[in-house]
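Tertiary structure, described
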Amino acid sequence: MTNSVTEGKVHMASLNYRWPKIDAQLLGLAAFYAGLVVIFSFSTPMFLSWSNGVNILSNITVLGIVALGQMLVIVSGGFDLSVSGTAPLGAVAYVILCNAGMPIPAAILSVLALGMLVGVINGILVNKIDISPLIATLGTLSVTGGLALTISRGVTIPMNDLAAGFLSEFAFSRVSWYVIVLLFISAFAHVLMRYTVLGRMIYAVGGNADASRLAGIRVEGVSIAVYTASAVLAALAGIVVSSQLLVGSANVGADLALSTVTAVVLGGASLMGGVGTVGGTLMGVLILGTIANGMALMMVPSFYQQMANGGILLLAVGLGKLREKRATK
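Keep in mind it's a predicted model, so treat the numbers as computed, not measured. (Residues numbered from 1 in each chain as written. Predicted model: local features only at pLDDT ≥ 70, side-chain atom pairs only at ≥ 80, totals over all residues. Heavy atoms only, no water.)

**So, the overall build of the protein**
Counting secondary structure elements, the protein contains 13 helices and 4 strands. In terms of overall size, the protein behaves like a compact globule, its C-alpha atoms giving a radius of gyration of 20 Å where 329 residues would be expected to give roughly 20 Å. Here the C-alpha coordinates of the protein stretch approximately 65 × 50 × 35 Å along the principal axes. Counting across all 329 residues of the protein, residues that qualify as buried make up 47%. Sequence-distant contacts, at least 24 apart, represent 80% of the contacts inside the protein between residues at least 6 apart. Carbon together with sulfur atoms contributes 70% to the accessible area of the protein, which is approximately 15700 Å² in total. Of note, the protein has its 15 positive side-chain charges centred 10 Å away from the centre of its 10 negative side-chain charges. (Helix = DSSP H or I, 4+ residues; strand = E, 2+ residues; numbered from the N terminus. Rg over C-alpha atoms; globule rule 2.2 N^0.38 Å. Buried < 20%, exposed > 50% of the residue type's maximum accessible area, 1.4 Å probe, protein only. Contact = heavy atoms within 4.5 Å. Areas by Shrake-Rupley, 256 points an atom, 1.4 Å probe, with all protein chains shown as cover. Lys, Arg positive; Asp, Glu negative; His and termini not counted. Charge placed at Lys NZ, Arg CZ, Asp CG, Glu CD.)

If you want it as structure tokens, here you go:
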């Protein structure tokens, strides 16, 4: 009887695990972003323009879509490096299928199904075979990236049917449909993480997997679900990339793993799991995209941009550790 009551209390505690209150974190990110806008506005007159704002939104779409999936995995206590292979595989597969005459909706569903397969494999490797998320997803990164190179024969494949790049068409005022897709996915992910039982389960699993298991939560099922969602979103990002470039290439998205982790951690997530939000992730993505855009307008060499991203990642992780230490005091 006592065990039942105890497990019931743990169960209620796990399901009532609320998303972290990081309003102060978001305000800090907003202030930092405002500072970036001021700096770049004085540095280059082209920065503050509608067309450049649209360019920033367009350039961060792929990163944003993949980062939302990465956020789900990190909050659950995992890690997904395979996005850097799944995205180019999705791009190449989409172009090949469309060039072969497959209807566009069927090609999209096929690519998303391929991403789902990658995600399920990641989830099984991590949860059933008990391989470290870092090693498991690094292995699937090599497999998916190699498969993309194999089916494309190492060359860029032009998209024969330009209608397959419909996501790049303007929805309104030079804003493409893929930006609308990002906004829709963001809204869905926000509702999922903040208002649903599944979202609370993801936070609970990332916060304490053992307690969640004792509470009756299917930890393995939740973990497989988030890895699947991450891979599906990475495959979708591949479709977006091929729509943007009108080609399929196995060389696109090679830095997505690092960039998405940087964005998620910069947005307030903890690599230990249990902490992170959609809003924070999007702010992290926007900051990285704005820095890249501003530095490009200032003619800063690309390798300095890479150094800046690495520095931002170290800064974000360091600040996160300081917050955790302060919280435990």
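**So, the UniProt feature "transmembrane region" (unreviewed entry) in the protein**
Following the UniProt record, one finds the feature "transmembrane region" (unreviewed entry) at residues 26-48, 60-79, 91-121, 133-155, 175-193, 224-246, 252-271 and 278-297. Note that residues 133-155 is 87% helix and 0% strand, and that its end C-alpha atoms are spaced 31 Å apart. (UniProt positions renumbered as here; feature names shortened; annotations may be inferred.)

**Details of helix α6 (residues 133-152)**
Helix length check: α6 (20 residues) gives 28 Å between terminal C-alpha atoms against 28 Å at 1.5 Å per residue, within 8%. Every buried residue of α6 is listed here: Ala136, Thr137, Thr140, Thr144, Gly145, Ala148 and Ser152. With its buried residues spanning 155° around the axis, α6 presents them on a single face. Turned more than 90 degrees from where α6 packs its buried face, Ile135, Ser142, Val143 and Thr150 sit exposed. Looking at the buried positions of α6, the neighbouring elements they touch are α4 (83-99), α5 (104-127), β1 (157-158) and α10 (219-245). (Expected span 1.5 Å × (residues − 1). Arc of directions from axis to C-beta.)

**Remarks on the packing of α5 against α10**
Where α5 meets α10, the axes come as close as 7 Å, and the angle between the chain directions of the two elements is 145°. With respect to the hand of their crossing, α5 and α10 are arranged in right-handed fashion. Within the contact of α5 with α10, the residues separate by chemical class into 15 nonpolar, 7 polar and 1 charged. (Axes fitted to C-alpha atoms, helices over the stretch in contact; angles between N-to-C directions. Left-handed = near helix turned anticlockwise from the far one by under 90°. Nonpolar A, V, L, I, M, F, W, Y, C, P; charged D, E, K, R; others polar.)

**Some words on the side chain of asparagine 122**
Structurally, asparagine 122 can be placed in helix α5. A relative accessible area of 0% means that asparagine 122 is categorised as buried.

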